[in-house]
Amino acid sequence: DHAIELQARMTILHVWDVDMRSEMFCASIAVECRWRCPDGECESALRDGADQLDADWEPEWTPHLGIWGTVEQYFERRTFWAATDEAGAVWLYGLLRLAARMVERYDLEIFPFDLQDINVMLMCFNATLLPLGDAAAAVRVEQSGCSLPDFELLPAMPALHRLVSAREQPHGHSSLHAVLFYRRHAGFFLWNVISLLLLISLCATASWAIHFRQVDSRLALDVTLLLVTVTFKQVLTALVPPISYLTLLDVYS
């Protein structure tokens, strides 16, 4: 375990661009953290960082934080300052703003009526993570910034989180794992996919309006409707990533 204990609280500010095809999403977070100032640095930390006037001031040791599964980082902003508590101990504080694009595996077996979880795992590579304040409030979610056009947060269970120790991780770093639960809006697929497939299938009954002696016309109508359905099914495959199982929409089709 790392000798330095870092107390941290993560706020998920914004979630956007949930791409089901590429199985990725974007998120921005804010991390509040603090750690005990080493005895030999207390005087210089209070002299240079207590007034918070120097926005570029950094202590000698700073936490190395990141989000697991990041494939592209958009920006990172770090601010540090020093302060004393009621007992006179010197603490170093930090505020991190981070935005990145991350990989996410989606479970699409009951697509388009699926529930999806978005995982944001904050990792500390050079310290042991501890909750800042109450452990139940170690993760906060700005629900207004996490609303999505195709999804909605579950009202009964919008988010869960837990602190994962370094021993539980194969990479040996402690992390703060937050999970957001989303329900997909299925109205688009109900009207533009499921209803259209139903209407195309029902149109097959129109072949009985053709005289029974016109066999070629009846077969032409049936084959045309079949080709339309197959083409429609090929269009649906572009909505999901290349997966080795059938979704509920595939079974219906």
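That block above? That's the structure.
Criteria and cut-off values
Residues numbered from 1 in each chain as written. Predicted model: local features only at pLDDT ≥ 70, side-chain atom pairs only at ≥ 80, totals over all residues. Heavy atoms only, no water. Helix = DSSP H or I, 4+ residues; strand = E, 2+ residues; numbered from the N terminus. Buried < 20%, exposed > 50% of the residue type's maximum accessible area, 1.4 Å probe, protein only. Lys, Arg positive; Asp, Glu negative; His and termini not counted. Salt bridge = Lys/Arg side-chain N within 4 Å of Asp/Glu carboxyl O. Polar contact = N/O pair within 3.5 Å; in protein donor to acceptor, adjacent residues only side chain to side chain. Contact = heavy atoms within 4.5 Å. Core = buried A, V, L, I, M, F, W, Y, C linked by side-chain atoms within 4.5 Å. Phe/Tyr/Trp six-rings, centres within 6.5 Å; stacked < 30°, edge-to-face > 60°. Pairing = 2+ DSSP bridges.

Novice: What's the story with the side chain of Arg-34 in this structure? I'm lost.
Specialist: The topology assignment puts Arg-34 in strand β2 (residues 24–36). Buried charged residue Arg-34 carries no salt bridge. Nearest counter-charge: Asp-85, at 5.5 Å. Side-chain polar atoms of Arg-34 contact the side chain of Tyr-93, separated by 3.3 Å. Beyond its immediate chain neighbours, meaning those up to four positions away, Arg-34 contacts Glu-5, Leu-6, Gln-7, Trp-91, Leu-92, Tyr-93 and Leu-132.

Novice: Help me understand the nonpolar core, please; the structure alone is not making it clear to me.
Specialist: The nonpolar side chains of soluble globular proteins are, as a tendency, buried together. Judged by nonpolar contacts, the single largest core of 51 residues is most densely connected at Met-10, Ile-12, Val-15, Ile-29 and Tyr-182. Broken down by element, this core gets its largest block of residues, 6 residues, from β2. Excluding anything up to four places from it in sequence, Tyr-182 contacts Val-15, Asp-114, Leu-115, Gln-116, Ile-118, Cys-146, Leu-148, Phe-151, Glu-152 and Leu-153.

Novice: Please explain unusual backbone geometry as it appears in this structure.
Specialist: What you tend to see is this: most non-glycine residues have negative phi, and most peptide bonds are trans. A cis amide bond links Phe-111 with the next residue in sequence, Pro-112, at an omega value of 10°. On the secondary structure map, Pro-112 appears in the loop between β5 (90–103) and β6 (115–124). Of note in the backbone geometry, Asp-17 takes a positive phi value of approximately 55° without being a glycine. In this fold, Asp-17 is placed in strand β1 (residues 5–19). With a relative accessible area of 41%, Asp-17 lands in the partly exposed category. In the Ramachandran plot, Gln-52 falls in the positive-phi region, its phi being about 60° despite a non-glycine side chain. For Gln-52, the position within the fold is in the loop between α1 (42–49) and β3 (65–67).

Novice: What's the story with the environment of Val-15 in this structure? I'm lost.
Specialist: Checked against the element boundaries, Val-15 lands in strand β1. Here the alpha-carbon distance between Val-15 and Trp-191, two residues 176 residues apart in the chain, equals 27 Å. Residues contacting Val-15, with those up to four places away along its chain left out, are Phe-25, Cys-26, Ala-27, Gly-145, Cys-146, Ser-147, Leu-148, Leu-180 and Tyr-182.

Novice: Would you take a moment to explain the packing of aromatic side chains for this structure?
Specialist: When we look at a pair of aromatic rings, we describe it by the centre distance and by the angle of the planes. In this structure the tally under the stated criterion is 7 aromatic pairs. Note on Trp-35 and Phe-80: the rings are 6.1 Å apart at their centroids and 80° apart in plane angle, and the pair reads as edge-to-face. Residue Trp-35 is located in strand β2, and its partner Phe-80 is located in strand β4 (residues 70–84); the two are separated by 45 residues in the primary sequence. By the burial criterion, Trp-35 is buried, and Phe-80 matches it. Ring centres 5.8 Å apart and planes at 5° place the aromatic pair Trp-81 and Tyr-93 in the stacked group. Linking Trp-81 in strand β4 with Tyr-93 in strand β5, this pair joins segments that are 12 residues apart in sequence.

Novice: What should I look at first to understand the environment of Asp-222 in this one?
Specialist: Structurally, the position occupied by Asp-222 is in helix α3 (residues 215–237). On the basis of relative accessible area, Asp-222 is assigned to the partly exposed category, the value being 31%. With 17 residues separating them in the primary sequence, Asp-222 and Thr-205 have C-alpha atoms 9.1 Å apart.

Novice: Would you take a moment to explain the pairing of β4 for this structure?
Specialist: As a general feature of sheets, a regular strand has side chains that alternate between the two faces. Bridge analysis of β4 against β5 gives 13 bridges, and the strand direction is antiparallel. Each bridged residue has a counterpart across the sheet, and for Arg-77 the counterpart in β5 is Arg-97. Counting the residues that bridge the hairpin from β4 to β5 gives 5 residues, and of these Gly-88 lies at a positive phi of roughly 90°.

Novice: Please clarify how the side chain of Asp-250 should be interpreted in this entry.
Specialist: Relative to the assigned elements, Asp-250 resides in helix α4 (residues 248–252). Looking at Asp-250, its side chain comes within polar contact range of the side chain of Lys-233, at 3.3 Å. Once you skip the residues sitting within four places of it in the chain, Asp-250 turns out to touch Lys-233 and Tyr-245.

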